[in-house]
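Listed below, chain by chain, are the residues.
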Amino acid sequence: MVRRRGDLTAPTYARRVLSIDQLAAYHRDGFVVVEEFVPPAVCEQLQARAEEIVEAFEPTEQHTVFTTDEQERASNREFLDSGAGIWCFFEAEAIGPDGRLVTDKARSINKIGHAMHDLDPVFEAFSYTRELAEIAADLGLTDPLALQSMYIFKQPHIGGEVGCHQDAPFLYTDPITVTGFWFAIEDATLDNGCLWAQPGGHLGPLRRVFQRRGDGGEGGGDLTEFVELDDTPMPRAPQDLVPLVVPAGTMVVLHGLLPHWSDVNRSAKSRHAYSLHCISASAEYPAWNWLQRPRDLPLRRLDEVARRRVSA
Ligand code: FE2
């Protein structure tokens, strides 16, 4: 068999299905942790590819950062356009007062996003698999569209906090179907900013939604806004949450309503992760979601693309 460019050289996943207990944990807690899911060789391949993307990335003068600061997100055209592209976002602390990088580019990137699963052959091969489609179906997502991908670096010393949030406000569907598949490419520890989550928190309400406000018009202006829906407070971090300390190769599946958080990384070790968010193709996807695809880059189903890849 001739391998296509981007095919992984090792089996994509070490495990193929979730057990009954793991499915029950997901429905009870809103998340499930599956260790030894991605073989070490595949983690290494994804890491190497992410580093190549950063190496080839030519930043603009703007040095777009990614933080959970609302204004930063709201006013950023590159962030909005990244839903249909591959863009590298900087850590806030990587930019000095003069607007220049304070360290080398490879140690300055917060994440790559948000369409690498459709535009990069290595991440496409990892994301579109029958196994992941079957896991999604077992979780209730029988027609999974791959919506958003991110490679997160959580850089040593400067990896920023990601405030406690639900994913559904950013990737909204009616009904809510967004499901996150998060893969630890490196060990995630208390020191380097592992995920934390609120067990059972997915049973709580959607607090708000993040909406586009049009194109901002001439001269820009805020391009997005949060619309508050429910004043139920989010859990306090970290005291209301549990840490998900996991070794490289672990998959964590996160319900779209689950509150989760990660701390700053002040350690000397990075905490790389890849995440893929899927939605149901049969749910309504509003035009006000921040992530919009052009006609020539439509969203694709995990199962259909995986089937085509196997038979190609
Ligand atoms: Fe999230």
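### Let's talk about the overall build of the protein chain
Secondary structure summary: the protein chain contains eight helices and 14 strands in total. Split into buried and exposed, the 312 residues of the protein chain put 45% on the buried side.

### Topic: helix α7 (residues 130-138)
Considered for burial, the residues of α7 that qualify are Leu 132, Ala 133, Ile 135 and Ala 136. Buried residues along α7 cover an arc of 160° about the axis, so they all sit on one side. Elements in contact with the buried residues of α7: β4 (144-152), β6 (179-184), β13 (273-280) and α8 (302-311). Gly 140 sits one or two positions beyond α7 and adopts a positive phi of about 110°.

### Thoughts on the sheet that holds strand β12 (residues 260-262)
Taking strand neighbours across the sheet as the criterion, the four strands line up as β5-β12-β7-β10 in an open arrangement whose pairing is antiparallel. Since the sheet does not close on itself, it has two edges, and those belong to β5 (162-165) and β10 (242-244), each with one partner. The mean angle between the axes of side-by-side strands here comes to 25°, regardless of whether they run parallel or antiparallel. Pairing geometry for strand β7 (residues 195-197) and β10, over three bridges, is antiparallel. Paired with Leu 195 across the strands is Leu 244, a residue of β10.

### Side note on the nonpolar core
Core analysis: the biggest nonpolar cluster contains 82 residues, and Phe 183, Met 251, Val 252, Val 253 and Cys 278 have the highest contact counts within it. Ranked by the residues each element gives to this core, the list is headed by β4, at six residues.

### Re the environment of Ala 136
Tracing the backbone through its elements, the reader meets Ala 136 in helix α7. You can call Ala 136 buried: it has 24 C-beta atoms within 10 Å. When residues no more than four places from it in sequence are discounted, the contact partners of Ala 136 are Leu 141, Pro 144, Thr 179, Cys 278 and Leu 302.

### Things to note about the pairing of β6
By the criterion of burial, β6 is predominantly enclosed, with six of the six residues buried. Here β6 shows no split at all, with Thr 179, Phe 181 and Phe 183 on one side and Gly 180, Trp 182 and Ala 184 on the other all buried. In this sheet, strand β11 (residues 251-255) lies alongside β6 in antiparallel orientation, the contact comprising five bridges. Note that in β11 the partner of Phe 183 across the bridge is Met 251. As paired elements, β6 and β13 share six bridges and run antiparallel to each other. Looking at the pairing, Thr 179 lines up with Cys 278 of β13.

### Details of the packing of α7 against α8
When two helices pack together, their arrangement is given by the angle between the helix axes and the distance between those axes. Between α7 and α8, whose axes approach to 8 Å, the crossing angle comes to 155°. In this view, α7 runs roughly antiparallel relative to α8, as classed from their interaxial angle. For the element pair α7 and α8, the recorded crossing hand is left-handed. Contact residues: α7 offers Arg 130, Leu 132, Ala 133 and Ala 136, while α8 offers Leu 302, Asp 303, Ala 306, Arg 307 and Val 310. When the residues that make up the contact of α7 with α8 are grouped by side-chain class, the tally is six nonpolar, no polar and three charged.

### So, the environment of Glu 134
Topologically, Glu 134 is positioned in helix α7. Given 17 C-beta atoms within a 10 Å radius, Glu 134 is considered partly exposed. Along the chain, Glu 134 and Val 17 lie 117 residues apart, while their C-alpha atoms are 7.3 Å from each other.

### Focus: the confidence of the model for the protein chain
For the protein chain, per-residue confidence averages 89 on the pLDDT scale, and residues scoring 70 or more make up 88% of the total. The model gives residues 1-6 a pLDDT under 50, and that stretch makes six contacts with residues more than four places away or in other chains.

### Observations concerning unusual backbone geometry
The omega torsion across Gly 113 and His 114 is 0°, close enough to zero to call that bond cis. Of note, His 114 is situated in strand β3 (residues 109-114). Pro 175 follows Asp 174 through a cis peptide bond whose omega is -5°. Along the chain, Pro 175 falls in the loop between β5 and β6. Despite not being glycine, Glu 36 shows a phi value in the positive range, around 55°. Structurally, the position occupied by Glu 36 is in the loop between β1 (31-34) and α2 (40-56). Owing to 14 C-beta atoms within 10 Å, Glu 36 belongs among the partly exposed residues under this scheme. One non-glycine residue, His 157, adopts positive backbone phi at about 70°.

Reading guide: rules and limits
- Residues numbered from 1 in each chain as written.
- Predicted model: local features only at pLDDT ≥ 70, side-chain atom pairs only at ≥ 80, totals over all residues.
- Helix = DSSP H or I, 4+ residues; strand = E, 2+ residues; numbered from the N terminus.
- Buried ≥ 20, exposed ≤ 12 C-beta atoms within 10 Å, placed from the backbone.
- Arc of directions from axis to C-beta.
- Contact = placed C-beta atoms within 7 Å.
- Pairing = 2+ DSSP bridges.
- Axes fitted to C-alpha atoms, helices over the stretch in contact; angles between N-to-C directions.
- Core = buried A, V, L, I, M, F, W, Y, C linked by C-beta atoms within 7 Å.
- Parallel < 35°, antiparallel > 145°, perpendicular 65-115°, else oblique.
- Left-handed = near helix turned anticlockwise from the far one by under 90°.
- Nonpolar A, V, L, I, M, F, W, Y, C, P; charged D, E, K, R; others polar.
- pLDDT = per-residue confidence, 0-100.

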